[in-house]
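Remarks on the overall topology
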Amino acid sequence: MLRKLFKRDTSSTITIDEHNVPRHVAIIMDGNGRWAKRRGMPRSMGHRAGADVLKEIVIAADEIGVSALTVYGFSTENWKRSAEEVGALMKLFRFYMKRLLKIAAEKNVRVKMIGDKRRFDADIIEGIDKLVETTKDNTGMTFTIAINYGGRDEIRRAVQKMLKEYRESPYDVEGVTEQFVADHLDTAGLPDPDLLIRTSGELRLSNYLLWQLAYSEIYVTDVLWPDFDEEELQNAIAAYNKRERRFGGR
């Protein structure tokens, strides 16, 4: 079924095939700092604006019919930023985790976190655990936030898990299939993303979901993340509808 969605302030429409909505959408939310700089604001204000947008995109993705949404919230490399910026981001995590609990309850959303949470302060770890535990039985869209996450670090930790299991109970290495590896990744249980959206026009993966994005369709927009809205999400999905996915075949 095709659904026509009117663009803001125009008579043109965005057409989405409701039978071809990507099951899993991954997003690299880029451009908060540039958005703030263009407005003469501190970078922290860009991150705050971006967090407000994320709330709206979670709701929009759920309403469009996306089953899983995974976003890059904070990378393993982001610790290299100034202490002031990192501190501002930690304050945002604390604030928005509480708001996310409310949204999850209203929309029946299941929240997951991927990455290595051990580096965060105890109260943030407690907040993460509460979000995951409180929403684990929700049956709606799965919303996953990657924090202190890096694709290479995820694979490294997965290898550590496999080696530990092997030491404790040796197994036939011929049984190390792609599925076996996937089951040891942070995203175990989630389908690989069908669509990756990157904002701000950058053309790189930035160490994000390196294993999982092997055959994902990629959509890049010059729109900075704080300006990304429901219409922009619809544009990305409409573009996805036009792709022919071959998975290496013909």
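In what follows, the structure referred to is the one given above.
Here's a quick rundown of the structure. Bear in mind the structure is a predicted one, so any value in this text is a computation, not a measurement. (Residues numbered from 1 in each chain as written. Predicted model: local features only at pLDDT ≥ 70, side-chain atom pairs only at ≥ 80, totals over all residues. Heavy atoms only, no water.)

The grouping of Ile155, Val159, Leu163, Leu203, Leu205, Leu210, Ile218 and Val220 at the surface amounts to a nonpolar patch, some 640 Å² of accessible area in total. Those elements that place two or more of their residues in the nonpolar patch are helix H5 (151–168) and strand S8 (217–220). Considering each element in turn, the nonpolar patch owes the most residues, three residues, to H5. With respect to the secondary-structure elements, Ile218 resides in strand S8. The exposure class of Ile218 is partly exposed, given its relative accessible area of 44%. (Patch = residues over 30% accessible without salt bridge, like charges linked within 9 Å, V, L, I, M, F, W, Y side chains within 5 Å. Areas by Shrake-Rupley, 256 points an atom, 1.4 Å probe, with all protein chains shown as cover. Salt bridge = Lys/Arg side-chain N within 4 Å of Asp/Glu carboxyl O. Helix = DSSP H or I, 4+ residues; strand = E, 2+ residues; numbered from the N terminus. Buried < 20%, exposed > 50% of the residue type's maximum accessible area, 1.4 Å probe, protein only.)

Bringing the pattern of salt bridges into the picture now. Here the structure, examined in full by the defined rule, presents 22 salt bridges. Between Asp121 and Arg94 there is a salt bridge; the shortest N-O distance is 3.1 Å. Of this pair, Asp121 sits in the loop between strand S5 (110–114) and helix H4 (122–135) while Arg94 is found in helix H3 (residues 83–107), placing the two residues 27 residues apart along the sequence. Given the relative accessible area of 46%, Asp121 is considered partly exposed.

A few words on the packing of aromatic side chains. Going through the model one piece at a time under the given rule, you end up with twelve aromatic pairs. These aromatic residues form a ring-pair network of at least three members: Phe74, Trp79, Phe93 and Phe120. Its guanidinium or amino end placed over the ring of Phe95, Arg48 lies 6.0 Å from that ring's centre, counting from NZ or CZ. In this arrangement the basic side chain of Arg119 is found over the ring face of Trp79, its NZ or CZ atom lying 4.2 Å from the centre. (Phe/Tyr/Trp six-rings, centres within 6.5 Å; stacked < 30°, edge-to-face > 60°. Lys NZ or Arg CZ within 6 Å of the ring centre and 35° of its normal.)

Moving on, we get to the nonpolar core. Here is a general trend for soluble globular proteins: nonpolar side chains tend to be buried in one another's company. Counting 49 residues, the largest nonpolar core has Leu69, Phe120 and Phe143 as the members making the most contacts within it. Residue contributions to this core peak at eight residues, all from H3. Leave out the neighbours within four places in its chain, and Phe143 touches Leu54, Val58, Leu69, Val71, Leu100, Val109, Arg110, Val111 and Lys112. Core analysis: the next-biggest nonpolar cluster, separate from the first, contains ten residues, Tyr72, Ile114, Ala146 and Leu209 among them. (Core = buried A, V, L, I, M, F, W, Y, C linked by side-chain atoms within 4.5 Å. Contact = heavy atoms within 4.5 Å.)

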